[in-house]
Amino acid sequence: MERDEQLQDLIRRGLDGIAGWEQQWRPFERAPALDVDAQAARAAIDELARRLHNNYPFFHSDYAGQMLKPPHEVALAAYVTAARINPNNHALDGGPATAALEHEAVAELAHMFGYREYLGHLTSSGTVANLEALWVASRLKPETRIAFSSEAHYTQARMCDVIGARTTLIPVDARGRMDLDALARCGGEVGTVVVTPGTTAAGAVDAVDAVVALARERGWRVHADASYGGFFSLIANEPAARLDAGAWAAIKDCDSVAIDPHKHGLQPYGCGCVLFADPRVGALYKHDSPYTYFSSGDLHLGEISLECSRAGAAAAALWTTLRVLPLRPDKGLGPILLACRLAALAAHARAQRGGLLTPVIAPALDIIALAPLRAGERASARAISQRTEMLFSALMADQQRPFYIAKWRVAKALGLLALPDVEWDDDGCTVVRCALMKPEHGAIVNDLIEALERWPLLRA
Ligand SMILES: *Cc1c(COP(=O)(O)O)cnc(C)c1O
């Protein structure tokens, strides 16, 4: 297997490099307590591999369900190499090398969004990146509300609860985007708005530019939760991608942004990142330092993080990946994102031609959401949910060619706008959702849609 050979070669090289470095110190006896029987170690790993068989085939192009795929071989080899030392990016003496790599990798992410001055660091996840942004917002605008849409990630509400911030839920339009009229009607209690360029469920892209313009008038902070969608910035101006370029360009005008390299950045979990447009927010973390310190190269990113221990290996993995797959529209990650986007556009077009599936929302990124509902057919929400459940199980169970999809429970309020032919006998409607986040997905979308079109043949 070519993929595994490359991975083994890279890991070998990395570990050899570390072993060479270790040799400069005097040899010492390793404690016998750490010795394990070679046979037992192999048996344990074999058992682990067997236990891990209880997974869906996330690596495969026929897996088109949740936002899951293995990291790139380069990322994994870099992670293993750095983890052999296991530096901790909590402080400079936890690992000077990976502290520098984190600075450089974060600079590349900031540059991708068009941030000039900024303060940012890696986090263990998008949830923590958002938590930090909301915590900063609540410190700068105490007693005000934080507004986000009903399609924002569920952890926004949870993290607001953690920091004790009151929230305002904004409804969405027929395309799953924050309803701008509803936002404009918000009263003086709001202090911060969270926009989502790329919602988790359907990949809807909020009108970041319009929200920023309104926020400027009202004096609101804006946080962009680009955990999922952030890397699409790379191809925002590619005509073939048909993205809303204005929304992506406006991320640089937001006060903070979260992005998850462990989603579209080919990284292993956990690698998130938070960026702030104003480096002076660093003073909230460390109040006795001069402001200028936070934009200087001397700053250690562990000093401006809510988390203490952070894997230096995560910074090493991201940094190394960006050496070979740079953040560019024309090579590296750009073409990978474009392939995913084109797969979604092709799947959408194919589904519409077939007339047996109803797109809930036209894809704005690489996620498709389809109701098993014929064009022009009227059906109840419960009936559609049942069709989806049957498809979900039947596709997976197919002996010839299994497909793996995900489900999305569309809330009735959005469904009333997006699915006018549904009779609402329930508070939601379960539909098919596929994250086409592998560049190989373009090759399977016709077969996938054909498989989904078999729903009329299924029996409960
Ligand atoms: C995945 C996701 C999150 C949560 O990020 P984790 O890394 O899973 O903690 C937040 N917001 C959006 C839009 C996401 O897609």
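The written sequence of each chain sets the order in which its residues are numbered from 1. At least 70 in pLDDT is required for a residue's local features to be given in this predicted model, at least 80 for side-chain atom pairs to be given and counted, and no such filter applies to totals for whole chains, interfaces and linings, which use all residues. Note that water and hydrogens are dropped before the side-chain values are worked out from all heavy atoms of the structure.

Participant: Explain the environment of Arg378 to me, using residue names and the numbers behind them.
Facilitator: Counting through the fold element by element, Arg378 comes out in the loop between β10 (367-371) and β11 (379-380). The spatial distance from the C-alpha of Arg378 to the C-alpha of Glu423 is 7.0 Å, given a sequence separation of 45 residues. Any two residues whose heavy atoms approach within 4.5 Å are treated as being in contact. Beyond its immediate sequence surroundings of up to four residues, Arg378 is in contact with Pro420, Asp421, Val422 and Glu423. As used in this structure description, the phrase polar contact means that two N or O atoms lie within 3.5 Å; if the pair is within protein, one of them must be able to donate a hydrogen and the other to accept it, and residues adjacent in sequence are counted only when both atoms belong to side chains. Polar contacts involving the side chain of Arg378 include one to the side chain of Glu423, which spans 3.1 Å. Secondary structure elements follow DSSP: runs of H or I of four or more residues count as helices, runs of E of two or more count as strands, with numbering from the N terminus.

Participant: Break down the site of the ligand for me, with residues and values.
Facilitator: In this text, near means that some heavy atom of the residue lies within 4 Å of the molecule or strand in question. Near the ligand lie 14 residues; those nearest to it are Thr127, Asp225, Asp260, His262 and Lys263. Measuring from an oxygen atom of the ligand, one finds a side-chain N or O atom of Ser125 at 3.5 Å. In this structure, an oxygen atom belonging to the ligand sits 2.5 Å away from a side-chain N or O atom of Thr127. Those elements that place two or more of their residues in the shell around the ligand are α5 (126-140) and α10 (261-264). Considering every element that reaches the shell around the ligand, the biggest residue donor is α5, with three residues. In this classification, Asp, Glu, Lys and Arg are treated as charged, Ala, Val, Leu, Ile, Met, Phe, Trp, Tyr, Cys and Pro as nonpolar, and every other residue, Gly included, as polar. Taken together, the residues of the shell around the ligand sort by class into one nonpolar, ten polar and three charged.

Participant: Describe the pattern of salt bridges, and please don't skip the residues or the numbers.
Facilitator: Each salt bridge in this description consists of a side-chain nitrogen of Lys or Arg and a carboxyl oxygen of Asp or Glu lying within 4 Å of one another. What the rule picks out here adds up to 22 salt bridges. The partner of Arg177 in a salt bridge is Asp173, and the shortest N-O contact between them spans 3.0 Å. A 1.4 Å probe rolled over the protein chains alone gives each residue an accessible area, and that area as a share of the maximum for its type sets the label: buried under 20%, exposed over 50%, partly exposed in between. Since its relative accessible area comes to 22%, Arg177 is described here as partly exposed. The residue Arg350 makes a salt bridge to Glu453 at a minimum N-O spacing of 2.8 Å. In this pair, Arg350 sits in helix α13 (residues 333-354) while Glu453 sits in the segment after α16 (445-452), placing the two residues 103 residues apart along the sequence. Residues Arg350 and Glu453 agree in their burial class; the two are buried. What emerges from the salt-bridge pattern is a single network uniting Asp62, Arg401 and Asp447.

Participant: I'd like a rundown of the nonpolar core, residues and numbers included.
Facilitator: By convention a nonpolar core is built from buried Ala, Val, Leu, Ile, Met, Phe, Trp, Tyr and Cys residues, the set being connected through side-chain atoms within 4.5 Å. Counting residues in each nonpolar core, the largest one holds 60 residues, and the members touching the most others are Phe113, Leu183 and Leu333. Of the residues forming this core, the biggest block, six residues, is contributed by helix α4 (residues 96-113). Residue ranges for the domains originate in an automatic or database domain assignment. Of the residues that make up this core, three or more belong to each of domain 1 (83-290 + 298-324) and domain 2 (333-457). Grouped together as the second largest cluster of nonpolar side chains are 22 residues, Ala343, Val432, Val445 and Ile449 included.

Participant: Requested: an account of the environment of Leu436, with residues and values cited.
Facilitator: Within the element layout of this structure, Leu436 appears in the loop between β14 (428-435) and α16. For Leu436, a relative accessible area of 0% gives the class buried. Between the C-alpha atom of Leu436 and that of Glu389, which follows or precedes it by 47 residues, the distance is 20 Å. Not counting chain neighbours up to four residues away, the residues in contact with Leu436 comprise Ala64, Cys340, Ala343, Ala344, Ala347, Asp366, Ile368, His441, Val445 and Leu448.

Participant: Could you give an account of the packing of α5 against helix α6 (residues 154-163), with specific residues and numbers?
Facilitator: An axis is simply a line fitted to the C-alpha atoms; with a helix, the fit covers only the stretch in contact. Between two such axes, the angle follows the N-to-C directions and lies from 0 to 180 degrees. It is the contact of α5 with α6, at a shortest axis distance of 9 Å, that shows an interaxial angle of 50°. As summarised for this structure, α5 and α6 are arranged oblique, according to the angle between their axes. Considering only the axes of α5 and α6, their crossing is right-handed. Counted together, Thr127, Asn130, Leu131, Leu134, Trp135 and Ser138 of α5 and Thr155, Gln156, Met159, Cys160, Val162 and Ile163 of α6 form the full contact between these two elements. Considering only residue class, the contact of α5 with α6 consists of seven nonpolar, five polar and no charged. Roughly parallel refers to an angle under 35 degrees, roughly antiparallel to one over 145, roughly perpendicular to one between 65 and 115, and oblique to any angle outside these ranges. Handedness of each helix crossing follows the sense of rotation of the near helix against the far helix: counterclockwise by less than a right angle gives left-handed, clockwise gives right-handed.

Participant: Outline α5, listing residues and values.
Facilitator: Because an α-helix completes one turn every 3.6 residues, residues spaced three or four positions apart along the sequence face the same direction. To estimate the expected span of a helix, subtract one from its residue number and multiply by 1.5 Å. Helix length check: α5, at 15 residues, gives a terminal C-alpha distance of 21 Å against a target of 21 Å (1.5 Å per residue), a fit within 8%. Most of α5 is tucked away: eleven of the 15 residues are buried. For α5, the complete set of buried residues consists of Gly126, Val128, Ala129, Asn130, Leu131, Glu132, Ala133, Leu134, Trp135, Val136 and Ala137. For α5, the N-terminal capping position is held by Ser125, with its side-chain oxygen 3.3 Å away from the main-chain nitrogen of Thr127.

Participant: Provide a residue-level description of the state of the cysteines, including the pertinent values.
Facilitator: Note on terminology: disulfide denotes any pair of cysteine sulfur atoms within 2.5 Å. The final tally for this structure, using the stated rule, is zero disulfides. The structure places no disulfide on Cys186, whose sulfur is separated from the nearest cysteine sulfur, that of Cys160, by 13 Å. Left without a disulfide partner, Cys340 is nearest to the cysteine sulfur of Cys434, which lies 13 Å away. Classification of Cys340 by relative accessible area gives buried; the value is 0%.

The values are spatial; any link to function lies outside them.
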